[in-house]
Amino acid sequence: KAGVTQTPRYLIKTRGQQVTLSCSPISGHRSVSWYQQTPGQGLQFLFEYFSETQRNKGNFPGRFSGRQFSNSRSEMNVSTLELGDSALYLCASSFTFRQGEQFFGPGTRLTVL
Amino acid sequence: GENVEQHPSTLSVQEGDSAVIKCTYSDSASNYFPWYKQELGKGPQLIIDIRSNVGEKKDQRIAVTLNKTAKHFSLHITETQPEDSAVYFCAATQRTGNQFYFGTGTSLTVIP
């Protein structure tokens, strides 16, 4: 069974731009969660989607948004990029939205210049 | 919200020795505790997990123990090998969803 895939793997953007990251969960998994990983803050939860609905949201500004499609694929968008948004963005999929085992993708490395 | 603390931040052991990483959590509502291993350039990989109705779980060289009263759980790796070198994260989650609260990570180095 294929794992979680994330595209692109690397991105370089400049301040003020926006970016869209994509995540395809494991086949059959319907829950997708997004995390931001930085050396200073560690792994921080952004939001979770299940059946195209946002079920949970972390403590991030409204510039961070996401959505999920009917095939469970998910995208996250960051608008008006800031230098501090440079991070590894990880997507995790699970079968359900209640304490399912979460399996992470390789991440998208975003660098904001 | 939940607060997960993880110690130590770095750990070096000789090949064949055991390694222990400890985490504490603050919210008694948390009832699922996974451990992840992250190698350089890769996403975290689930290596073992434990639910609050279980005190200990073992999978070959890896074991996890949970003390609900004290709100702490630990990862034990026996007979360490160089390929065990990585960053290990503990996490805790509550009943309301899949929002995981992660510890700050432990960089484990196994010296051949």
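The structure we're discussing is the one just above.
Residues numbered from 1 in each chain as written. Chains lettered and ligands numbered in written order. Predicted model: local features only at pLDDT ≥ 70, side-chain atom pairs only at ≥ 80, totals over all residues. Heavy atoms only, no water.

Draft legend 1. Quick peek at the side chain of B:T80. Considering the arrangement of structural elements, one finds B:T80 in the loop between β8 (72–77) and β9 (86–92). In this view, B:T80 contacts B:V13, B:Q14, B:E15, B:G16, B:D17, B:S18, B:A19, B:R61 and B:V110; residues no more than four positions away in its chain are not counted. (Helix = DSSP H or I, 4+ residues; strand = E, 2+ residues; numbered from the N terminus. Contact = heavy atoms within 4.5 Å.)

Draft legend 2. Expanded view of the sheet that holds strand β8 (residues 74–78) of chain A. All names here are of chain A. Spatially, β1-β3-β8-β7 is the arrangement adopted by the four strands of the open sheet, whose pairing is antiparallel. The strands lining the two open edges of the sheet, one partner per strand, are β1 (5–7) and β7 (64–68). For this sheet, the mean angle separating the axes of adjacent strands, direction not counted, is 20°. Pairing geometry for β1 and strand β3 (residues 19–24), over three bridges, is antiparallel. Bridging from a neighbouring strand, T5 pairs with S24 of β3. (Pairing = 2+ DSSP bridges. Axes fitted to C-alpha atoms, helices over the stretch in contact; angles between N-to-C directions.)

Draft legend 3. Seen up close, the interface of chain B and chain A. In this assembly, 21 residues from chain B lie in contact with 24 residues from chain A. Put simply, chain B and chain A have four residue pairs in polar contact (both at pLDDT 80 or more) between them. Contributions of two or more residues to the side of chain B that touches chain A are made by β4 (32–38) and β5 (45–51) of chain B. Across the side of chain B that touches chain A, the residue classes tally to seven nonpolar, ten polar and four charged. (Polar contact = N/O pair within 3.5 Å; in protein donor to acceptor, adjacent residues only side chain to side chain. Nonpolar A, V, L, I, M, F, W, Y, C, P; charged D, E, K, R; others polar.)

Draft legend 4. Region of the structure containing the pairing of strand β5 (residues 42–50) of chain A. Residues and elements named next belong to chain A. β5 sits mainly inside the fold: eight of its nine residues count as buried. Across eight bridges, the pairing between strand β4 (residues 31–38) and β5 is antiparallel. When the sheet's bridge partners are listed, V32 is paired in β5 with Y49. Connecting β4 to the antiparallel partner β5 that follows it, the hairpin turn spans three residues. Judged from the four bridges that link them, β5 and strand β6 (residues 53–57) form a sheet pairing that is antiparallel. (Buried < 20%, exposed > 50% of the residue type's maximum accessible area, 1.4 Å probe, protein only.)

Draft legend 5. Spotlight on unusual backbone geometry. A cis amide bond links A:T7 to the next residue, A:P8, at an omega of -10°. With respect to the helices and strands, A:P8 occurs in the loop between β1 and β2 (10–13). Of note, the bond from B:H7 into B:P8 is cis; its omega dihedral lies within 30 degrees of zero at -5°. Backbone geometry places A:S72, a non-glycine residue, at a positive phi of 75°. Positive phi values are uncommon outside glycine, yet B:E79 reaches one of about 45°. Relative to the helices and strands, B:E79 is located in the loop between β8 and β9.

Draft legend 6. Fine view of the pattern of salt bridges. All names here are of chain A. Summed over the entire model, instances satisfying the criterion amount to eight salt bridges over all chains. The salt bridge involving R63 is made with D85; its shortest N-O contact spans 2.8 Å. Here the residue R63 occupies a position in the loop between β6 and β7, and D85 occupies one in the loop between β8 and β9 (87–94), the gap between them amounting to 22 residues. With respect to class, R63 is no different from D85; both count as buried. In this structure, R73 and E75 form a salt bridge, with 3.3 Å as the shortest nitrogen-oxygen distance. What makes R73 partly exposed here is its relative accessible area of 24%. (Salt bridge = Lys/Arg side-chain N within 4 Å of Asp/Glu carboxyl O.)

Draft legend 7. Structural view of the packing of aromatic side chains. Enumeration according to the criterion identifies 15 aromatic pairs over all chains in this entry. Arranged with centres 6.1 Å apart and planes meeting at 70°, the rings of A:F104 and B:F102 form a pair that is edge-to-face. Residue A:F104 is found in strand β10 (residues 103–104), and its partner B:F102 is found in strand β10 (residues 101–102); the two belong to separate chains. Taken as a pair, A:F104 and B:F102 share a single burial class, namely buried. A centroid spacing of 5.6 Å and a plane angle of 65° characterise the contact between B:W35 and B:F73, whose relative ring orientation is edge-to-face. A residue pair is termed long-range when its members are at least 10 positions apart, and B:W35 in strand β4 and B:F73 in strand β8 qualify at 38 residues. B:F73 carries the same exposure label as B:W35, and that label is buried. Through successive ring pairs, a cluster of aromatic residues spans A:Y35, A:F45, A:F104, B:Y32, B:Y36, B:F89, B:F100 and B:F102. (Phe/Tyr/Trp six-rings, centres within 6.5 Å; stacked < 30°, edge-to-face > 60°.)

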